Amino acid sequence: MDEIITFLNSCVWSWPLVGLCLLGGLYFSFGTRFVQIRHFGEMVRLLFKNDKTKKEGISSFQAFALALSGRVGTGNIVGVAMAIGFGGPGAIVWMWIIAFFGAGTAYAEACLAQIYKQRHGNQLRGGPAYYIEKGLNCRWLAILFATLRVLFLVGYSLLIS
């Protein structure tokens, strides 16, 4: 079992994945004409906007806190400390570069999630499986994504326990 996990880990966490993530970030950054810079002021303004007329949903700050909680965890904090420990202070520069271009990818993900979310009763549902199915018109790929996601999460939880 350990050999299988090591093999899968070496396939997934490899240099091609890093390159693919960086190319995706470059593509979305240039494709959105660097939305992470152009709309920074608007983001800050909307973050603290207090809209009392809104009847449903969550506030801008609640949405920010929810997005932040989904992206920042113990792994991020420990990962930064380890990167600085192993790579020195220069590692911070590369983390900033990757984070800058990763913001373009995060923006594209958030837009797709908003475009393809669906209402089920009183709930809104969405996410990658929804926009893969509706946006790419490829139900089998959405099912494969959701199934692999569940399997990897179960495997990870068994691995750390």
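No experiment lies behind these values; they were computed from the predicted model shown.

**Student:** I tried to follow the packing of aromatic side chains on my own but got confused; where do I start?
**Tutor:** To describe a pair of aromatic rings, you give the distance between the ring centres and the angle between the ring planes. Overall, the coordinates contain five aromatic pairs when judged by the stated rule. Aromatic pair Phe-30 and Phe-34: ring centres 4.8 Å apart, planes at 75°, arrangement edge-to-face. For Phe-34, a relative accessible area of 22% puts it in the partly exposed group. Between Phe-34 and Phe-100, the aromatic rings sit 6.0 Å apart at their centres with planes inclined by 20°, giving stacked as the arrangement. Separated by 66 residues along the polypeptide, Phe-34 in the loop between helix 2 (15-31) and helix 3 (35-38) and Phe-100 in helix 7 (residues 90-115) bring together distant segments of the chain. The partly exposed category is assigned to Phe-100, whose relative accessible area is 30%. Clustering of aromatic rings is evident, with ring pairs tying together Phe-30, Phe-34, Phe-100 and Phe-101.

**Student:** What is the right way to look at the packing of helix 8 (residues 128-135) against helix 9 (residues 139-160) in this model?
**Tutor:** Packed helices, taken two at a time, are described by their axes: the angle between them and the distance between them. Relative to each other, helix 8 and helix 9 sit at 165°, their axes nearing to 7 Å. In terms of axis orientation, helix 8 runs roughly antiparallel to helix 9. Between helix 8 and helix 9 lies a crossing whose hand is right-handed. When helix 8 is examined against helix 9, the residues Pro-128, Ala-129, Ile-132 and Glu-133 are found in contact with a partner set consisting of Arg-139, Leu-141, Ala-142, Phe-145 and Ala-146. Class assignment of the residues belonging to the contact of helix 8 with helix 9 gives a composition of seven nonpolar, no polar and two charged.

**Student:** I'm lost on unusual backbone geometry in this one. Help?
**Tutor:** Despite not being glycine, Arg-33 has its phi angle at roughly 55°, a positive value. Here Arg-33 lies in the loop between helix 2 and helix 3.

**Student:** Would you mind going over the environment of Ser-29 with me for this structure?
**Tutor:** With respect to the helices and strands, the residue Ser-29 is situated in helix 2. A residue is classified by how much of its surface remains accessible, and Ser-29, at 0% relative accessible area, is buried. Apart from the residues within four sequence positions on either side, Ser-29 is in contact with Phe-34, Gln-36, Phe-100, Phe-101 and Gly-104.

**Student:** Explain the packing of helix 6 (residues 74-87) against helix 7 here, please?
**Tutor:** At a minimum axis separation of 7 Å, helix 6 and helix 7 run at an interaxial angle of 135°. When the axis of helix 6 is compared with that of helix 7, the two are oblique. Residues Val-80, Ala-83, Ile-84 and Gly-87 of helix 6 touch helix 7, and the partners they reach there are Gly-90, Ala-91, Ile-92 and Met-95. The class makeup of the residues in the contact of helix 6 with helix 7 is six nonpolar, two polar and no charged.

**Student:** So what exactly am I meant to see when it comes to the pattern of salt bridges here?
**Tutor:** If the charged atoms of two oppositely charged side chains come close together, the side chains can form a pair. This structure, assessed with the given rule, holds three salt bridges. Arg-139 is the salt-bridge partner of Glu-133, the closest N and O atoms lying 3.0 Å from each other. Owing to a relative accessible area of 52%, Arg-139 belongs among the exposed residues under this scheme. In the salt-bridge network here, residues are joined through shared partners; they are Glu-133, Lys-134 and Arg-139.

**Student:** Help me understand the side chain of Gln-36 in this model?
**Tutor:** For Gln-36, the location among the structural elements is in helix 3. Reaching out from Gln-36, the side chain makes a polar contact with the backbone oxygen of Phe-100 at a distance of 2.8 Å. With residues near it in sequence (within four places) discarded, Gln-36 still touches Ser-29, Phe-100, Phe-101, Ala-103 and Gly-104.

Cut-offs and rules
Residues numbered from 1 in each chain as written. Predicted model: local features only at pLDDT ≥ 70, side-chain atom pairs only at ≥ 80, totals over all residues. Heavy atoms only, no water. Phe/Tyr/Trp six-rings, centres within 6.5 Å; stacked < 30°, edge-to-face > 60°. Buried < 20%, exposed > 50% of the residue type's maximum accessible area, 1.4 Å probe, protein only. Helix = DSSP H or I, 4+ residues; strand = E, 2+ residues; numbered from the N terminus. Axes fitted to C-alpha atoms, helices over the stretch in contact; angles between N-to-C directions. Parallel < 35°, antiparallel > 145°, perpendicular 65-115°, else oblique. Left-handed = near helix turned anticlockwise from the far one by under 90°. Contact = heavy atoms within 4.5 Å. Nonpolar A, V, L, I, M, F, W, Y, C, P; charged D, E, K, R; others polar. Salt bridge = Lys/Arg side-chain N within 4 Å of Asp/Glu carboxyl O. Polar contact = N/O pair within 3.5 Å; in protein donor to acceptor, adjacent residues only side chain to side chain.

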